[in-house]
Protein chains: 4
Amino acid sequence: MLDAAVRTFGQRGYRAASMDEIAELAGVSKPLVYLYLNSKEDLFTACIRREAAALVAAVRAAVGEGAGEDAAGPGAPADRQLWAGLTAFFTHTAEHPDGWAVLHQQARTHGEPFAAEVAAMRDELAAFVTGLIAEAARDAHQAAAFGDRDVSGLAQALVGAAESLAQWANETPGVTAREAASTLMNFAWTGLSGLMDGRRWSPTR
Amino acid sequence: MLDAAVRTFGQRGYRAASMDEIAELAGVSKPLVYLYLNSKEDLFTACIRREAAALVAAVRAAVGEGAGEDAAGPGAPADRQLWAGLTAFFTHTAEHPDGWAVLHQQARTHGEPFAAEVAAMRDELAAFVTGLIAEAARDAHQAAAFGDRDVSGLAQALVGAAESLAQWANETPGVTAREAASTLMNFAWTGLSGLMDGRRWSPTR
Amino acid sequence: MLDAAVRTFGQRGYRAASMDEIAELAGVSKPLVYLYLNSKEDLFTACIRREAAALVAAVRAAVGEGAGEDAAGPGAPADRQLWAGLTAFFTHTAEHPDGWAVLHQQARTHGEPFAAEVAAMRDELAAFVTGLIAEAARDAHQAAAFGDRDVSGLAQALVGAAESLAQWANETPGVTAREAASTLMNFAWTGLSGLMDGRRWSPTR
Amino acid sequence: MLDAAVRTFGQRGYRAASMDEIAELAGVSKPLVYLYLNSKEDLFTACIRREAAALVAAVRAAVGEGAGEDAAGPGAPADRQLWAGLTAFFTHTAEHPDGWAVLHQQARTHGEPFAAEVAAMRDELAAFVTGLIAEAARDAHQAAAFGDRDVSGLAQALVGAAESLAQWANETPGVTAREAASTLMNFAWTGLSGLMDGRRWSPTR
DNA sequence: TATGAATGAGCTTTCATTCAT
DNA sequence: TATGAATGAAAGCTCATTCAT
C-alpha cells in the first residue's frame with residue numbers, strides 16, 4: 001500500500017495524486033487506505049519516513065558494516081567512508097527513483113509538515129559528511145581551519161551536488177552509480193583536500 | 001500580473017495556487033488572466049520562462065559585461081568568470097526568492113510541460129560552466145583529460161551544489177551571496193584545479 | 001446494547017450517530033449489532049419502541065397502580081389521576097433525558113418509519129387524557145359539550161404543553177418534576193374545569 | 001434558493017438533505033449555492049433566520065398593526081391580542097409548513113449553532129405571551145400572584161401547546177388556523193383567567 | 001456466537017474554466 | 001477591454017453494511 005502511494009506521489013506529486021488512484025494501484029478500496037493511514041497527509045508523511053529511513057539505512061550499512069565491494073568499515077579512512085556512502089547513495093536512489101522523487105522533489109515542495117521530515121534526513125546525511133570532513137581535518141592537523149558555518153556550507157554543497165548527480169544519473173541512460181560517485185569524489189575529495197591544505201580561492205587575487 | 005503569479009506559485013505551489021488568488025493579488029478579474037494567458041498551465045509556463053530568462057540574464061550580464069564589483073569581462077580568466085557568475089547567481093536568487101522557488105522547487109516537481117523548461121535553463125548554465133572548465137583545461141594544457149560526460153557530470157555537480165547553496169542561503173539568516181559564492185569557489189575551484197593537474201581519486205587506491 | 005444506541009441517538013441525532021460509535025459504546029463489535037438488530041433503521045425503531053413503552057408504562061403505573069406519593073388509584077378522581085400521570089411523565093423524562101430526546105426530538109424529525117411510532121405513543125397518552133376529560137365531563141353532566149375533534153385538539157395542546165415543560169424543566173436548573181406538573185395542572189385543570197362549566201372564549205366578544 | 005433549501009431541509013432533515021438536491025430543486029448548480037451561502041451550515045442558519053423572522057413578523061403584524069379581521073391593536077385587551085397572535089401564528093405555520101418544520105423539528109434537533117437561533121425566536125414569542133399575562137394580571141389586580149418562574153413556565157406551556165397544535169393542524173386535514181386558535185384560547189384563556197382569580201390546583205386537596 | 005477486515009456509495013467542498021454583457 | 005455570474009468535474013473523507021472466519 002505504501003508502495004503504491006510512493007509511486008503515485010513520486011510520479012504525480014502530492015497534490016495531483018488522488019487517493020482514488022493510490023487505492024486502485026494498491027489493489028484495495030479507498031476506505032481501506034483511510035483505515036490504515038488516517039489521511040492523505042498522514043499517508044504522505046508515512047511515505048517520506050519510510051523512504052528516508054531506507055535511504056539512510058542503505059548509506060549507513062555501506063559505510064559502517066563493511067559489506068559489499070564498495071563498503072568501508074568503521075575504522076576506514078575518511079575518503080574510503082565517503083566513497084562507500086556516496087556509492088550506496090547513488091545506488092539506492094537509482095534503484096528507487098519514485099522514493100527519491102518523493103524525498104527530493106515532492107516533500108520539500110509542500111510546506112511544513114513534510115519539509116521538516118526531509119530536513120531531518122538531510123541533516124543526518126550532512127552530519128555524516130561533516131563528521132568525515134572533521135575527521136580528515138584532524139588527520140591533517142587542521143582542526144581550526146573551518147568554522148561551523150563553513151562546514152555547514154560545504155556539507156550543503158556536497159549534498160546538493162550529490163542530489164543533482166543522482167537526478168542526472170537517473171535521467172541519463174548509461175550513467176552508473178559508481179560513475180556518479182566517482183565524479184563526485186574526484187570533484188569533492190580533491191577540493192576538500194585542497195581546503196585542508198589551506199588552499200583558498202579569493203576574488204582579490 | 002506575472003508578478004502576482006510568480007509570488008503565488010512560489011509560495012503556495014503550482015497546484016495549491018488558485019487562479020482566484022492570483023487574479024486578486026494582481027488586482028484584475030479572473031477572465032482577464034485567461035484572456036492574456038490561456039490557462040493555468042500556460043500561465044505557469046510563462047512564469048518559469050520569465051524567471052529563467054531573468055536569472056540567466058543576470059548571470060550573463062555579470063560574466064560578460066564587466067559591470068559591478070564582482071563582474072568579469074569577456075577575456076577574464078576562467079576562475080574570475082566563474083566567481084562573477086556565481087556571485088550574480090546567488091545575488092539574484094536571494095533577491096527573487098519566489099522566482100527561485102518557482103524554478104527550483106515548483107517547476108521541477110510538476111511533470112513534463114514544466115520540467116523541460118527548467119532543464120533548458122539548467123543546461124544553459126551547465127554549458128556556461130562546461131565552457132569555463134574546458135577553457136581552464138585548455139590553459140592548463142589538459143584538453144584530453146576530460147571526456148564529454150566527465151564534464152557534464154562536473155557541471156551537474158556544480159550547478160546542483162550552487163542550487164543547494166542558494167536554498168541554504170535563502171533559508172539561513174545572515175548568509176550573504178558573496179559568502180555562498182565564496183564557499184562554493186573554495187570548494188569547486190580547488191577541486192577543479194586539482195583535477196586539471198591530473199589528480200584523481202580512485203577506490204582502488 | 002439498546003442503552004448505548006439510545007444514548008448515542010439522543011445525543012448525536014439519528015443521522016449523526018454512527019454505528020461504529022454505538023457498537024463501541026456498547027462494548028461489542030459492529031457485526032453483532034447487525035446480527036441482533038438488522039439495520040440502523042431497525043435499531044432506531046427498537047429504541048423508539050422501548051423508550052415509548054417505558055414512558056407509557058411509567059405513566060400507567062403511576063395512574064393505575066396507586067403506588068408512590070403522587071400515585072392515584074383506578075377509582076380516583078380525574079384530577080388526581082391527571083396529576084399522577086403528569087408527575088410520572090415529568091419524572092420519567094427528567095430521569096431519561098436521552099430517551100426523551102429520542103422520542104421528542106429525533107424520532108419526529110426523521111420521516112415516516114419513525115414518526116408513526118411516536119405518533120402511536122402520543123395517541124396513547126392523548127387517549128388517556130381524553131378519557132379523563134370525558135370522565136370529568138360526565139361527572140359534570142356535560143357529555144355533549146365536546147366533539148371528538150375538540151377533545152383531540154385539547155389533548156394535543158395538553159401533550160404539547162407537557163412536552164415543552166419537560167424540555168424546559170430539563171434545561172432549567174432547579175425546576176423539579178413536581179413543579180412542572182404543578183404549573184401544568186394549574187393551567188390545564190382550571191382551563192378544563194372552566195370549559196366544562198360551559199365557559200368559552202370567542203373573538204366576537 | 002433559500003426556498004429550495006427550506007423545502008428540502010423541512011422534508012428531509014438537515015443531515016439527510018444533500019446540497020445536490022437543494023441545488024437541483026433551486027434550478028442552479030451546486031457551486032452557486034456555495035458562492036452565495038458559504039457552507040451547508042451557513043445555509044441552514046440562513047433558512048432558520050429567515051423563517052423565524054417571517055413567523056415573528058407575521059405575529060407582530062397581526063398583534064400590533066391592527067389589520068385584518070382577527071388583528072388587534074396596540075391598545076387592545078390582552079385576550080384580543082393573544083387571539084390575534086395565535087391566529088396569525090397558526091395561519092403562518094399552516095401556510096409555510098416546510099418553514100415550520102425547519103424551525104420546530106429540524107433546527108432544534110441539530111445541536112448548538114442552530115438550536116440557539118430557534119431559542120431566540122421562541123424567547124421572543126414567550127416574552128410576548130409573558131407580557132400579555134402580566135398585563136392581564138395587572139388588569140385583574142393580581143400583580144403579586146405570579147412569580148417570575150411561574151410566568152416563564154406558563155409561557156413555555158402555552159408556546160408548547162401552540163407548537164403542538166400547529167403540528168396537529170398541519171397534519172390533520174380540515175383543521176383551520178382559526179379552529180386551532182380557538183381551541184387554544186378556550187383552553188388557555190379560561191385557565192389563565194382562573195389563575196388570576198386565585199384558583200389553584202394542588203395535590204394535597 | 002462473535003469479529004476483523006473490507007467496500008460501494010454518497011457527501012461536502014473546491015477549482016479551472018467559460019459565457020453574456 | 002474587462003467582468004459578474006455560473007458550472008462540470010473531481011477530490012478528500014465517512015458510513016452503513018457485509019463477508020470469511
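On a predicted model such as this, the values are computed, not experimentally measured, just so you know.

### Notes on the overall build of chain A
- In terms of helices and strands, chain A carries nine helices and zero strands.
- Sequence-ordered secondary structure for chain A, helices as α and strands as β, is α-α-α-α-α-α-α-α-α.
- Principal axes of the C-alpha set define a box for chain A whose edges measure 60 × 40 × 30 Å.
- Across the 205 residues in chain A, those meeting the buried criterion constitute 52%.
- Long-range contacts, defined here as pairs at least 24 residues apart, represent 68% of the contacts in chain A between residues at least 6 apart.

### As for a nonpolar patch on the surface
- On the surface, M1, L35 and Y36 of chain A cluster together into a nonpolar patch covering about 350 Å² of accessible area.
- Note on Y36 of chain A: relative accessible area 57%, which makes it exposed.

### Points about the relation of the copies chain B and chain A
- Of the two same-sequence chains, chain B is brought onto chain A (RMSD 0.3 Å, axial shift 0.0 Å) by a rotation of 178 degrees. Such a turn and shift between the copies fits a two-fold axis. Looking at the rotation axis and the C-alpha trace of chain B, the residue lying nearest is G191 of chain B, at 1.8 Å.
- Of the residues that chain B buries at the interface, 98% are likewise interface residues in chain A, meaning the two copies contact each other through the same surface.

### Things to note about the protein's contact with DNA strand E
- Lining the immediate surroundings of DNA strand E are 28 residues, of which S29 and P31 of chain A, K30 and Y34 of chain B together with K40 of chain D lie closest.
- Close to the protein, within 4 Å, the atoms of DNA strand E are drawn from sugar and phosphate at a rate of 55%.
- Residue Y36 of chain A places a side-chain N or O atom 2.8 Å away from a phosphate oxygen belonging to DNA strand E.
- Counting only elements with at least two residues in the surface near DNA strand E, the list comes to α3 (30-36) of chain A, α3 (30-36) of chain B, α3 (30-36) of chain C together with α2 (19-26) and α3 (30-36) of chain D.

### Considerations on the interface of chain B and chain A
- At the interface, 44 residues of chain B touch 44 residues of chain A.
- Surface buried jointly by chain B and chain A totals about 4,100 Å² across both partners, of which 60% is contributed by carbon and sulfur atoms.
- Broken down residue by residue, the surface that chain B buries against chain A is led by R149, F187 and W201 of chain B, which jointly contribute 22%.
- Across the chain B-chain A interface, the total number found is zero salt bridges.
- Across the contact surface, chain B and chain A share ten residue pairs in polar contact (both at pLDDT 80 or more).
- Elements supplying a minimum of two residues to the side of chain B that touches chain A: α5 (78-95), α6 (97-109), α8 (148-171) and α9 (177-196) of chain B.
- Per-element tally for the side of chain B that touches chain A: the top contributor is α9 of chain B, with 14 residues.
- Across the side of chain B that touches chain A, the residue classes break down as 19 nonpolar, 15 polar and ten charged.

### Topic: the nonpolar core
- Formed by 127 residues in total, the largest nonpolar core has its most connected members in F9, F90 and L184 of chain A together with F9, F90 and L184 of chain B.
- It is α8 of chain B that contributes the most residues to this core, twelve residues altogether.
- If sequence neighbours within four positions are ignored, F9 of chain B has contacts with Y14, A17, I22, K40, L43, F44, C47, V102 and Q106 of chain B.
- Counting 124 residues, the second-largest nonpolar core is a separate cluster that includes F9 and A162 of chain C together with V33 and C47 of chain D.

### Quick notes on the interface of chain C and chain D
- Each side of the interface is counted separately: chain C has 44 residues, and chain D has 45 residues.
- Between chain C and chain D, roughly 4,100 Å² of surface is buried when both sides are summed, and carbon and sulfur atoms account for 60% of that area.
- Sorting the residues of chain C by area buried against chain D places R149, F187 and W201 of chain C first, and these three jointly supply 21% of that buried surface.
- Applying the counting criterion to the chain C and chain D interface returns zero salt bridges.

### Notes on the environment of A16 of chain C
All names here are of chain C.
- Secondary-structure assignment places A16 in the loop between α1 (2-12) and α2 (19-26).
- Take A16: its relative accessible area is 26%, and that puts it in the partly exposed class.
- Between the alpha carbons of A16 and I133 there is a distance of 41 Å; along the sequence they are 117 residues apart.

### Description of the protein's contact with DNA strand F
- Taken together, the neighbourhood of DNA strand F is formed by 27 residues, with K30 and K40 of chain A, K30 of chain C together with S29 and P31 of chain D sitting nearest.
- The protein-proximal atoms of DNA strand F, defined as those within 4 Å of the protein, are 55% sugar or phosphate.
- Between a phosphate oxygen of DNA strand F and a main-chain N or O atom of A17 of chain C, the distance comes to 3.2 Å.
- Here a phosphate oxygen of DNA strand F sits 2.8 Å away from a polar atom, N or O, in the side chain of Y36 of chain D.
- When grouped by side-chain class, the residues that make up the surface near DNA strand F number 15 nonpolar, six polar and six charged.

### What about helix α7 (residues 112-139) of chain C?
- The terminal C-alpha atoms of α7 of chain C, which comprises 28 residues, lie 40 Å apart, in line with the 40 Å expected from a rise of 1.5 Å per residue.
- Restricting attention to buried positions, one finds in α7 of chain C the residues F114, E117, V118, M121, R122, L125, A126, V129, L132, I133, A136 and A137 of chain C.

### Let's talk about the packing of α8 of chain B against α9 of chain B
Residues and elements named next belong to chain B.
- In the contact formed by α8 and α9, the axes pass within 10 Å of each other and the chain directions differ by 165 degrees. Between α8 and α9, the angle is such that the two are roughly antiparallel. Along this stretch, α8 crosses α9, giving a crossing that reads as right-handed. Taking contact as the criterion, the partners of L154, L158, A161, A162, L165 and A169 in α8 are, on α9, A180, L184, A188, L192 and L195.
- Partitioned by chemical class, the residues of the contact of α8 with α9 number eleven nonpolar, no polar and no charged.

### Points about the pattern of salt bridges
- Across all of its chains, the model carries 32 salt bridges over all chains by this definition.
- With its nearest N and O atoms 3.1 Å apart, the salt bridge here joins E21 of chain D to R12 of chain D.
- For the salt bridge of E124 of chain D with R60 of chain D, the shortest nitrogen-to-oxygen distance reads 2.5 Å. Placement of the pair is E124 of chain D in helix α7 (residues 112-139) and R60 of chain D in helix α4 (residues 40-64), with a sequence separation of 64 residues.
- A cluster of three or more residues bridged by salt bridges with shared partners is formed by D3, R50 and E51 of chain A.

### Some thoughts on the side chain of T45 of chain C
- Along the polypeptide, T45 of chain C turns up in helix α4 (residues 40-64).
- Apart from residues no more than four positions distant in its own chain, T45 of chain C is found in contact with F114 and E117 of chain C.

### Details of the packing of aromatic side chains
Residues and elements named next belong to chain C.
- Applying the stated rule across the entire model yields 32 aromatic pairs over all chains.
- Measuring from centroid to centroid gives 5.7 Å for F9 and Y14, while their planes differ by 40 degrees, and the two rings are tilted. Assigned by exposure class, F9 and Y14 land together as buried.
- Their ring planes at 65 degrees and their centres at 5.1 Å tell us that Y14 and F114 sit as a pair that is edge-to-face. Of this pair, Y14 sits in the loop between α1 and α2 while F114 sits in helix α7; the two residues are 100 residues apart in sequence, bridging distant segments of the chain.

### Some remarks on the arrangement of the chains
- Nothing in chain A touches chain C, and the closest approach of their C-alpha atoms is 13 Å.
- One finds no contact between chain B and chain C; the C-alpha atoms of the two approach each other to within 31 Å at their closest.

### Section: the environment of E179 of chain A
- Within the secondary structure, E179 of chain A sits in helix α9 (residues 177-196).
- Taking the relative accessible area as the measure of exposure, E179 of chain A reaches 25% and is therefore partly exposed.
- For the pair E179 of chain A and A4 of chain A, spaced 175 residues apart in the sequence, the C-alpha separation amounts to 30 Å.
- When near neighbours in sequence (up to four residues on either side) are disregarded, E179 of chain A contacts G174 of chain A together with R149 of chain B.

### Section: the environment of M19 of chain B
Residue and element names in this part refer to chain B.
- Secondary-structure assignment places M19 in helix α2 (residues 19-26).
- Taking the C-alpha atoms as reference, M19 lies 9.3 Å from T8; in sequence the two are eleven residues apart.
- Residue contacts for M19: discarding those within four places in its chain leaves K30, V33, Y34, S39, K40 and L43.

Rules used throughout
Residues numbered from 1 in each chain as written. Chains lettered and ligands numbered in written order. Predicted model: local features only at pLDDT ≥ 70, side-chain atom pairs only at ≥ 80, totals over all residues. Heavy atoms only, no water. Helix = DSSP H or I, 4+ residues; strand = E, 2+ residues; numbered from the N terminus. Buried < 20%, exposed > 50% of the residue type's maximum accessible area, 1.4 Å probe, protein only. Contact = heavy atoms within 4.5 Å. Patch = residues over 30% accessible without salt bridge, like charges linked within 9 Å, V, L, I, M, F, W, Y side chains within 5 Å. Areas by Shrake-Rupley, 256 points an atom, 1.4 Å probe, with all protein chains shown as cover. Salt bridge = Lys/Arg side-chain N within 4 Å of Asp/Glu carboxyl O. Least-squares fit on C-alpha atoms with pLDDT ≥ 70 in both. Near = heavy atom within 4 Å. Polar contact = N/O pair within 3.5 Å; in protein donor to acceptor, adjacent residues only side chain to side chain. Buried area = accessible area lost by both parts, 1.4 Å probe. Nonpolar A, V, L, I, M, F, W, Y, C, P; charged D, E, K, R; others polar. Core = buried A, V, L, I, M, F, W, Y, C linked by side-chain atoms within 4.5 Å. Expected span 1.5 Å × (residues − 1). Axes fitted to C-alpha atoms, helices over the stretch in contact; angles between N-to-C directions. Parallel < 35°, antiparallel > 145°, perpendicular 65-115°, else oblique. Left-handed = near helix turned anticlockwise from the far one by under 90°. Phe/Tyr/Trp six-rings, centres within 6.5 Å; stacked < 30°, edge-to-face > 60°.

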